[in-house]
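Architecture and fold: a report
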Amino acid sequence: MADEASNPPVSQVQLTARQIRVLAHPLRIRMLGRLRGEGPKTATQLADMLGTNTGATSYHLRQLAEAGLVVEEERPGGGRQRWWRAGHDMSSWHRSDFADDPDASAAVVWLETFQVNRFVELAETWQHGLSQESEEWRDTGGVSDYLVNLAPDQVQELMDELEEVVERYARAEPGPGARPINVYMAALPKSRSGTEVS
């Protein structure tokens, strides 16, 4: 990997109850994802990309801005166009922070379900397009699963270490032929209900 010093550190926010409630909306989370992945955009550009109208994107950008999740970016000679960028590279949360807030707890469930569904969508899209990929890319990436016995503090340590590795690569200079890569991490304790697939 190239020298990491040339790229700024990944910025992360621990979501508040208000932020997580604001983010748990299908258009808002997609807009924030576009801003994080593709850089600053106008409401009109986001509307075109997401198949909606400028009024809707403008409204939801204001909601995200009021919650501190996006910020307006000044552009020289930008005229009346308002440019928006993500306020942070990553968002995280602890479920226990919202134990006394049913709306925020429901937002957590919605967001995590959205992430799982998005992963399935991305995986299916990748599988269907494999025949059009070069051999190099066909053999890249993949999905793995492991079953390990860990205590809660060990699970947190594992996830922290994996996140550090991902952040190191996110800060590194992209190599030749680089393209955006979706990296998903999950550590899901086996359910005590006995109903999960083994």
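Keep in mind the model is a prediction, meaning the values are calculated, not measured.

The subject of this paragraph is the packing of helix H3 (residues 43–50) against helix H4 (residues 54–66). Contact pair H3 / H4: the axes reach a minimum separation of 8 Å and the direction vectors enclose 115°. Crossing geometry of H3 relative to H4 is assigned as right-handed. Two secondary-structure elements touch here, H3 through Ala43, Thr44, Leu46 and Ala47 and H4 through Thr54, Thr57, Ser58 and Leu61. Looking at the contact of H3 with H4 residue by residue, the class counts come to four nonpolar, four polar and no charged.

This paragraph deals with a negative patch on the surface. Together, Asp153, Glu157, Asp160, Glu161 and Glu164 make up a negatively charged patch on the protein surface. As for its position among the elements, glutamate 164 is in helix H7 (residues 152–171). Looking at glutamate 164, the relative accessible area reads 55%, which means it is exposed.

The next thing to look at is the confidence of the model for the protein chain. Summing up the model confidence of the protein chain, the mean pLDDT is 88 and the portion of residues at 70 or higher is 91%. The model gives residues 1–6 a pLDDT under 50, and that stretch makes 10 contacts with residues more than four places away or in other chains.

For the rest of this paragraph, the subject is the nonpolar core. Of all hydrophobic cores here, the largest spans 27 residues; its most connected members are Ile20, Leu23 and Leu61. Taken together, the elements giving at least two residues each to this core come down to helix H1 (17–23), helix H2 (26–38), H3, H4, strand E4 (83–86) and helix H5 (102–129). Sort the elements by how many residues they give to this core and H2 lands first, with five residues.

Moving on, we come to the pairing of E4. Pairing of strand E2 (residues 41–42) with E4, which is carried by two bridges, proceeds in the antiparallel orientation. Paired with lysine 41 across the strands is tryptophan 84, a residue of E4. As judged from the four bridges shared by strand E3 (residues 70–73) and E4, these two strands associate in the antiparallel manner. Its bridge partner being in E4, glutamate 72 is matched across the sheet by tryptophan 84.

Right, let's get into the sheet that holds E3. Read across the sheet, three strands follow the order E2-E4-E3 without closing on themselves; strand pairing throughout is antiparallel. Both outer strands of the open sheet, E2 and E3, are each paired with one neighbouring strand and no more.

Procedures and definitions
Residues numbered from 1 in each chain as written. Predicted model: local features only at pLDDT ≥ 70, side-chain atom pairs only at ≥ 80, totals over all residues. Heavy atoms only, no water. Axes fitted to C-alpha atoms, helices over the stretch in contact; angles between N-to-C directions. Helix = DSSP H or I, 4+ residues; strand = E, 2+ residues; numbered from the N terminus. Left-handed = near helix turned anticlockwise from the far one by under 90°. Contact = heavy atoms within 4.5 Å. Nonpolar A, V, L, I, M, F, W, Y, C, P; charged D, E, K, R; others polar. Patch = residues over 30% accessible without salt bridge, like charges linked within 9 Å, V, L, I, M, F, W, Y side chains within 5 Å. Areas by Shrake-Rupley, 256 points an atom, 1.4 Å probe, with all protein chains shown as cover. Salt bridge = Lys/Arg side-chain N within 4 Å of Asp/Glu carboxyl O. Lys, Arg positive; Asp, Glu negative; His and termini not counted. Charge placed at Lys NZ, Arg CZ, Asp CG, Glu CD. Buried < 20%, exposed > 50% of the residue type's maximum accessible area, 1.4 Å probe, protein only. pLDDT = per-residue confidence, 0-100. Core = buried A, V, L, I, M, F, W, Y, C linked by side-chain atoms within 4.5 Å. Pairing = 2+ DSSP bridges.

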